[in-house]
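A look at the structure
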Number of protein chains: 2
Amino acid sequence: MANRRASITDLAKTLGLSPSTISRALSNHDDVSEATKARVRQLAEELHYQPNQLAAALRRGRSNTLGVLVPHITGHFFPQVVHGIATEAAKLGFNVMICQSNEDALQEQKNIDLLMNSQVEGILVSLANTTQSFGHFEAVRQQNIPLVFFDRVVEDFSGSNVSAVVVDDYQGAYQVVTHLIEQGCTRIAHFTGPLHLSIHKNRHQGYRDALLAHGLPLNEELIMFCEMSQKGGTQAMRHLLKLPQRPNGVFSSNDLAAIGAIQAVKSQRLRVPQDVAIVGFSNEMFTMLTEPMLSSVDQRCEQMGKTAVQLLQKMLKSGPDRVGPPKPIVLKPKLLVRESSQRK
Amino acid sequence: MANRRASITDLAKTLGLSPSTISRALSNHDDVSEATKARVRQLAEELHYQPNQLAAALRRGRSNTLGVLVPHITGHFFPQVVHGIATEAAKLGFNVMICQSNEDALQEQKNIDLLMNSQVEGILVSLANTTQSFGHFEAVRQQNIPLVFFDRVVEDFSGSNVSAVVVDDYQGAYQVVTHLIEQGCTRIAHFTGPLHLSIHKNRHQGYRDALLAHGLPLNEELIMFCEMSQKGGTQAMRHLLKLPQRPNGVFSSNDLAAIGAIQAVKSQRLRVPQDVAIVGFSNEMFTMLTEPMLSSVDQRCEQMGKTAVQLLQKMLKSGPDRVGPPKPIVLKPKLLVRESSQRK
DNA sequence: TTGAAAGCGCTAACAA
DNA sequence: TTGTTAGCGCTTTCAA
C-alpha cells in the first residue's frame, strides 16, 4: 500500500524545528545556520523527501511550467521543434506540458483552456490548420500570459505579451531560385500546393521575385499546382518533360514532390542535375538517401523551438510593461546544396 | 497589468452563496438545485472563470497528469510513440508532462525526480542507453506510483505497480527470414549492430532460429557486424558481393543499412529483388521512397504508446492490491512486404 | 439544498 | 537565526 511521502511538516516534527526553517533550509536560504541545513538535508535524504511542486506552485502563484500546443507530433517538422522546445525549456528550468490539437480548432480551444487551468506560465502554439477564429487566444491575452506563436501564426493578433517565431519561406525560395540560376538553369519550374497556405504562398512569391530580379521570364506553364506528394511530383514532372521546351531546373515547395520529380527524370534516361537540376524544401531526413542526394532548404526546426522558448522567457522576465510588445523573430532558412543541383 | 482571474470565492461573494455550493454547482453535483447551477454557470461564463487545477490537484491528491520520459524526441520512433501516448492520454482525460533524458542516465534520474515532485499519477519511461543502475526507479516503486516501461525496459525490475510494453523483435526477425526463404532465398545475410543492445540481440537470434527451423545452414561469413547506417550497409553489401558465393537475400537490422545495401547491389548492375532480396526493420517513412520500395517490419510505434497508457490506466484503476502484478505486453510486429523482397 | 470549517503542502511576511 | 501565522484555491466532511 501507498507509503505516504514525507512532507515538510514531517521533517519539522522529527527535527523539532518549524516548517518555515525546513523550507528555508531546503531552498538554501542565507539565514539558516549551516548546522541546521546539514541536519535538514540529511533527514530529507533519509526519508527520500520529495517537495510537492503542486503545493509550492499554488503558494507561489508560479507553476514553472510552459504549455506547448502543436497540431500533432508526427512527421519531420513538429517533433524537431518540440525537441528544441523541450531541450531549451529544461535548460531554463521549466517543465513542459504538451498537447496536440490534431489540426482541429475545437481541440485547440479546449487545450488552450486546459493549459491555462494548469497555470502554465507561458504558452507556445502552432495553429491547427482549421483554426479560423481566435477567441480562445483572447483569453490568454487578457490574462497576460505570455504567448508565442511559432511557424503557423495568427497574423494581426498582437498584444503586449504576444509574439511569434517564423522562418522566412520567401527568402528560402528566393535563395533556391537564385542558386538554380547560378547553376545555369534558364527554365525553372515550380511545384506548389494551394496558395491559401502561407508556406506555399510565400515560397511561390519568392520564386516569382527571384526570376524577375534575374531577368528571367515568368512562364505560367512551368508552375505546377500539384499534390505535394512523391506521386504528385512524378506526375507533374512527367507533364513538364513532355513540353516542347522542357525545364532544366525545378524548385519544389517540398521534398517529397522533389523526389518524385527525380524519379520521373531518371526514368526518362535524363540526368539530375545535368539535364534537370532539382531542389526541394524542408531538408527532410530522407534527402540524404536519394540518388542523387537532394538539395533542400533547412528550416531550422530545432532552432525555432529554442528561439520560441527564449522569447517567452524574455517576456516573462520583463513583464508586460516593457516598452512596446516584443518583436516577432524571423529565422533565416539555410540552403543546402547537394548533388541534385550542383552542376559545377 | 494582470487581470487577476476569478476564483470560486469571487463567484461565491458575487452570488451570495458559499464556496462549497459554487464548487458543487460547477462539478454538477446532484444536490444543487438546477436554478442555482444555472446562476453559477452563467456568472462563471461571464467572468471567464477558469478553475485552478493546481489547487484542485493539491486538495484531491490527484494531479490528473501522466509523466513521460524518453531518450529524445527526434528520429522516427519516439515521436511516433509520444504521439500515441499523448493521443491516448488526452482521450482518457490525462494531461501529459514530457521530459527527455538525452540518453543520459543522470538526466534520467533528475527527470524521474521532477516527475514525482510534480505529483504525476503515473510514469511512462523508455530508458536512456547509458542507464546502468536503477535506484531512481526504486523510489517510484516505493511510492507505488504506477510505472510502465516501453521499448527500452529494465529486465528483472518488477513490482506490483510496474509493467512494460515491448515489441517482439525476435518474432519480427523470424518472420522476415521465413519470408525470404519462401521467396526462394537460400543464402541469407544479416546486418547487425552490437549484440549487447537487446534490439540487435533479439533480431539476430530470430535470424538464426528461422534459418535453422527451415533447415538452412548458418553461415557466419554472412553475418555482418557493421555500422547500421546507409554507408555501413553499402560497405557490408560490397563485401558480401565479392564472396565466392554471394548471398541472394539480406535481412538488415534497420532500414538505413538496408538502403545502403540496395544502392550497392544496384551499382553492381544486379537487381533487387531478383538477384538479391532485401528486407529492413522499423518501417521508416523513407522505405516507401526507395526504388525498389523497401520491405520492412513495422514496430507499431503509435500502438505502443497507446497500449502503454492503457496499461497505466488499468493499474491506476485497480490499485496495487490486485492479484499479482500486471503482465508485460508484447506487441506483434508486422512484416510489410514491398518490392525489395517480392519475387513472385 | 446549502453553509461552515478544515486542510492539501508549501512559502513568506512579520515577529521574536 | 528561528518560529508564528496566514493563506494560495479548491474540495469535502459534517452540520444545519
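Residues numbered from 1 in each chain as written. Chains lettered and ligands numbered in written order. Predicted model: local features only at pLDDT ≥ 70, side-chain atom pairs only at ≥ 80, totals over all residues. Heavy atoms only, no water.

1. Quick look at the protein's contact with DNA strand D
Close contacts around DNA strand D come from 25 residues, with S20 and R59 of chain A together with I8, Y49 and R59 of chain B the closest. For DNA strand D, the fraction of protein-proximal atoms (within 4 Å) that sit in sugar or phosphate groups is 59%. One of the side-chain nitrogen or oxygen atoms of T36 of chain A is found 2.7 Å away from a phosphate oxygen of DNA strand D. Here a phosphate oxygen of DNA strand D and a backbone polar atom of I8 of chain B are 2.6 Å apart. Only α2 (19-26) and α4 (53-60) of chain A together with α2 (19-26) and α4 (53-60) of chain B provide two or more residues apiece to the surface near DNA strand D. (Near = heavy atom within 4 Å. Polar contact = N/O pair within 3.5 Å; in protein donor to acceptor, adjacent residues only side chain to side chain. Helix = DSSP H or I, 4+ residues; strand = E, 2+ residues; numbered from the N terminus.)

2. Comments concerning the domain arrangement of chain A
All names here are of chain A. Once the domains are mapped, chain A shows domain 1 (8-51), domain 2 (65-167 + 301-330) and domain 3 (169-299). The gap between the C-alpha centroids of domain 2 and domain 3 is 32 Å. Buried surface at the junction of domain 2 and domain 3, both sides included, amounts to about 550 Å², of which 48% is carbon and sulfur. Counting the surface domain 2 buries against domain 3, the share from its top three residues, H76, V167 and C301, is 77%. (Domains from an automatic or database assignment. Buried area = accessible area lost by both parts, 1.4 Å probe.)

3. Quick notes on helix α7 (residues 135-142) of chain B
Residues and elements named next belong to chain B. Restricting attention to buried positions, one finds in α7 the residues H136, F137, A139 and V140. Viewed along the axis of α7, the buried residues span an arc of 145°, placing them on a single side of the element. Each element contacted by the buried residues of α7 is listed here: α6 (105-117), β3 (122-125) and β4 (147-150). After α7 finishes, the residue N144 shows a positive phi value of roughly 60°. (Buried < 20%, exposed > 50% of the residue type's maximum accessible area, 1.4 Å probe, protein only. Arc of directions from axis to C-beta. Contact = heavy atoms within 4.5 Å.)

4. Overview of the relation of the copies chain B and chain A
Structural alignment of chain B on chain A gives an RMSD of 0.1 Å, achieved by rotating through 180° and translating 0.0 Å along the axis. Such a combination of rotation and displacement between the chain copies is what one expects of a two-fold axis. Identified as the residue of chain B closest to the rotation axis by C-alpha distance is M97 of chain B, at 2.3 Å. Both copies share a contact surface, since 100% of the interface residues of chain B are interface residues in chain A too. (Least-squares fit on C-alpha atoms with pLDDT ≥ 70 in both.)

5. With respect to the sheet that holds strand β7 (residues 223-225) of chain B
Residue and element names in this part refer to chain B. Spatially, the 4 strands line up as an open sheet ordered β7-β6-β8-β9, and their pairing is parallel. Whereas interior strands pair on both sides, the edge strands pair on one side only; in this sheet they are β7 and β9 (277-279). Going from strand to strand, the sheet's axes swing by 15° on average, the running direction of each strand aside. In terms of strand pairing, strand β6 (residues 188-192) meets strand β8 (residues 249-252) through 4 bridges, oriented parallel. In the sheet register, I188 faces β8, and the bridge partner there is G249. Across the sheet, helix α10 (residues 230-241) is in contact with β6, β7 and β8; its angle to β6 comes to roughly 150°. (Pairing = 2+ DSSP bridges. Axes fitted to C-alpha atoms, helices over the stretch in contact; angles between N-to-C directions.)

6. Topic: the protein's contact with DNA strand C
With respect to spatial proximity, 25 residues lie near DNA strand C, and among them I8, Y49 and R59 of chain A together with R24 and R59 of chain B are the closest. Near the protein, within 4 Å, the atoms of DNA strand C are sugar or phosphate in 62% of cases. The side chain of T21 of chain B places a nitrogen or oxygen atom 2.7 Å from a phosphate oxygen of DNA strand C. T36 of chain B is positioned such that a nitrogen or oxygen atom in its side chain is 2.7 Å from a phosphate oxygen of DNA strand C. Put simply, the parts of the chain that give the surface near DNA strand C at least two residues each are α2 and α4 of chain A together with α2 and α4 of chain B.

7. Section: helix α11 (residues 255-267) of chain A
All names here are of chain A. Along its 13 residues, α11 runs 18 Å from first to last C-alpha, staying within 8% of the 18 Å computed at 1.5 Å per residue. With 10 of 13 residues buried, α11 is to be regarded as a mostly interior element. All of the buried residues in α11 are D255, A257, A258, I259, G260, A261, I262, Q263, A264 and V265. Residues of α11 that are buried in the fold lie against β6 (188-192), α10 (230-241), β8 (249-252), β9 (277-279) and β10 (296-298). One side-chain oxygen at the N-terminal end of α11 lies 3.2 Å from the backbone nitrogen of L256; it belongs to N254. (Expected span 1.5 Å × (residues − 1).)

8. Overview of the state of the cysteines
All names here are of chain A. As enumerated under the stated definition, the model contains 0 disulfides over all chains in all. Between C185, a free cysteine, and C226, which holds the nearest cysteine sulfur, the sulfur-to-sulfur gap is 18 Å. Given a relative accessible area of 2%, C185 falls into the buried group. (Disulfide = S-S within 2.5 Å.)

9. Re empty space enclosed by the protein
Applying the stated rule across the entire model yields 2 cavities of 30 Å³ or more. Taken together, 17 residues form the lining of the largest cavity, with L54 and T65 of chain A together with L54, T65 and S118 of chain B sitting closest to its centre. Within the residue set of the lining of the largest cavity, elements represented by two or more residues are α4 and β2 (95-100) of chain A together with α4 and β2 (95-100) of chain B. Looking at the lining of the largest cavity, its residues break down into 7 nonpolar, 10 polar and no charged. If you add up the space inside the second largest cavity, you get close to 200 Å³. For the second largest cavity, the lining is made up of 16 residues, of which L289, T290 and E291 of chain A together with L289 and T290 of chain B are closest to its centre. Those elements that provide at least two residues to the lining of the second largest cavity are α11 of chain A together with α11 (255-267) of chain B. Here the residues of the lining of the second largest cavity are counted per class, giving 8 nonpolar, 4 polar and 4 charged. (1 Å grid on protein atoms, 1.4 Å probe; cavity = no way out; pocket = protein on both sides within 12 Å on 5 of 7 lines; lining within 4 Å. Points joined across faces, edges and corners; volume = space filled by probe spheres on them. Nonpolar A, V, L, I, M, F, W, Y, C, P; charged D, E, K, R; others polar.)

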